[in-house]
Amino acid sequence: MNRRNFLLASAGTLSAMDLFSAIDKNFALQLEKQLNKLENMSLNSSAENEDFWGWIRESYTTSPNLINLNNAGVCPQPKIVQDAHLRNYQLCNEGPSYYMWRILDQGREALRAKLADLAGVLPEEIAINRNSTEGLNSIIFGLNLKEGDEVVLSKFDYPNMKNAWLQREKRDKIKLVWIDIPQPTEDDATIVKLYENAITSRTKIVHITHLINWTGNIVPSKAIADMAHKKGCEVIVDGAQSFAHFDFKIEDTGADYFATSLHKWLCAPFGSGLMYIKKEKIKNVWALLSSSEPDSGDIKKFESLGTRSFAAEMAIGTAIDFHNIIGGKRKEARLRYLKDSWATRAAKLPKAILSTSLKPQYSCGIANIGFEGWQAQQIEGRLFDKHKIHTVSIIHEKVNGIRITPNVYTNQQEIETLVKGLSEISKMDGPPAK
Ligand SMILES: Cc1ncc(COP(=O)(O)O)c(C=O)c1O
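Residues numbered from 1 in each chain as written. Predicted model: local features only at pLDDT ≥ 70, side-chain atom pairs only at ≥ 80, totals over all residues. Heavy atoms only, no water.

1. Quick look at helix α9 (residues 132-142)
- With ten of its eleven residues buried, α9 lies for the most part within the structure.
- Those residues of α9 not exposed but buried are Ser132, Glu134, Gly135, Leu136, Asn137, Ser138, Ile139, Ile140, Phe141 and Gly142.
- Each element contacted by the buried residues of α9 is listed here: β2 (126-129), α10 (159-172), β5 (203-209), β6 (234-238), β7 (257-261) and β8 (273-277). (Buried < 20%, exposed > 50% of the residue type's maximum accessible area, 1.4 Å probe, protein only. Helix = DSSP H or I, 4+ residues; strand = E, 2+ residues; numbered from the N terminus. Contact = heavy atoms within 4.5 Å.)

Structure follows, in structure tokens:
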């Protein structure tokens, strides 16, 4: 295949297997063999199949010096995605304005269609951008809201979005109504009620974080959205942590507006994102950055982002292929299995405080654990110093623990090291004196 055709294909015009074969023949052959072994296997059995997941691990470039359990921060890309990105990047450097704007950019519509398929929406409802912050800020700043209009949001929403709303409150005199969701809350009706109680006749928007990044708890977005729609509100869903993590379509969230980062669970190149707006609502949202028709009904008005990395953008297609070949449901089952594997044991340790539900509908791969008498940073420091386990401290509202997030390349041995590290902490009288 010549290079130009290869680049167009990588955005979505060839089957995943053909494309992988064009990038790396041996990889494609091995992949086919591995997938054949999983045929007819139940989701639960395939989640535990260390042979398959060991092979998936080999398709990443994991560090031998670190156990990376902070995938909720940002995920690495499989090698095949890195290769696609690098090939695009090197081509761009042979003649940037020609290869970026005339060649690579031709892959944009095929990529949009592929993303739309993954998200279960129309291509005309998808804008390709750089991250969740950009997508959600475009929506928050683009909506026509006036003084006195109310927005319901949660203290557990993400800071960049809370700050965007706070700026609108300051600038436009809208009113923010904050709710608190105890972590974990394992009852849809209770969570829906928390949002419902905050809605008044002036509420225009309900902002929902689908999977709470601080604790890993999943919020029943659809049930909240259905209630909010009945009361005449529109719904924004922050899908940064949920998209391509557990298996769902945007429709299942009830969102009118949705955004996610593709460099998180889809494992696409850093700085890639997706924004969705329901077709009939696009014209109501002003473009955040310059556009010749800022109030048009064309989603592309949100793509006037100036010069950016087309090389990264056009490698998103390879990440979608890799994700689809593993299979969304299979990936979800493996991530939940890994989380359960450590969290069910760790929850029973003396002094452990788990802020995450272990019920399947309320969490998947992410969980947060603390220990009485320990600050989160002390736990994070101890795990890193003794076991080179990289996690992140979370101190937020009533949560004081570390967030632990495996990924599809995490193996059982790493999980055992984590459990050992946590059980050592639980047996100590407290954090060591400095
Ligand atoms: C829930 C949530 N929303 C939004 C973001 C922002 O993502 P990005 O930095 O890719 O814009 C994050 C990042 O961790 C997140 O967890």
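2. Thoughts on helix α8 (residues 108-119)
- The end-to-end C-alpha distance of α8, which contains twelve residues, comes to 16 Å, matching closely the 16 Å that a straight helix rising 1.5 Å per residue would cover.
- Within α8, the full set of buried residues consists of Arg108, Leu111, Arg112, Lys114, Leu115, Ala116, Leu118 and Ala119.
- In the segment just after α8, Gly120 is the residue with positive phi, at about 75°. (Expected span 1.5 Å × (residues − 1).)

3. Here we look at the sheet that holds β6
- Strand order in the open sheet made by the seven strands is β2-β8-β7-β6-β5-β3-β4, with mixed pairing throughout. Two strands bound the open sheet, and with one partner strand each, they are β2 and β4 (175-179). If you compare each strand with its neighbour and ignore which way they point, the axes differ by 15° on average.
- Of the strand pairs in this sheet, β6 and β7 are connected by three bridges, and their pairing is parallel. Its bridge partner lying in β7, Ile236 is registered against Tyr257.
- In the packing of helix α12 (residues 221-230) onto the sheet, contacts are made with β5 and β6, and the angle to β5 comes to roughly 180°. (Pairing = 2+ DSSP bridges. Axes fitted to C-alpha atoms, helices over the stretch in contact; angles between N-to-C directions.)

4. Here we look at the domain arrangement of the protein
- Taken domain by domain, the protein consists of domain 1 (3-105 + 320-327), domain 2 (108-308) and domain 3 (329-426).
- In this structure, domain 2 and domain 3 have C-alpha centres spaced 28 Å apart.
- Facing 25 residues of domain 2, the contacting portion of domain 3 comprises 27 residues.
- When domain 2 packs against domain 3, the two sides together hide about 2100 Å² of surface, and 53% of this comes from carbon and sulfur.
- Broken down residue by residue, the surface that domain 2 buries against domain 3 is led by Glu186, Trp214 and Trp265, which jointly contribute 27%.
- A salt bridge links Asp180 to Lys398; its shortest N-O distance comes to 3.6 Å.
- Our count for the domain 2 to domain 3 interface comes out at 15 residue pairs in polar contact (both at pLDDT 80 or more). (Domains from an automatic or database assignment. Buried area = accessible area lost by both parts, 1.4 Å probe. Salt bridge = Lys/Arg side-chain N within 4 Å of Asp/Glu carboxyl O. Polar contact = N/O pair within 3.5 Å; in protein donor to acceptor, adjacent residues only side chain to side chain.)

5. Describing the pairing of strand β3 (residues 150-154)
- Within β3, five of the five residues are buried, leaving the element largely enclosed by the surrounding structure.
- With burial as the criterion, each face of β3 is covered, one bearing Glu150, Val152 and Ser154 and the other bearing Val151 and Leu153.
- This β-α-β element, β3 to α10 to β4, shows right-handed connectivity.
- Of the pairings in the sheet, the one linking β3 to β5 comprises three bridges and is parallel in character. Paired with Glu150 across the strands is Thr203, a residue of β5. (Right-handed = clockwise from strand over helix to strand, strands pointing away.)

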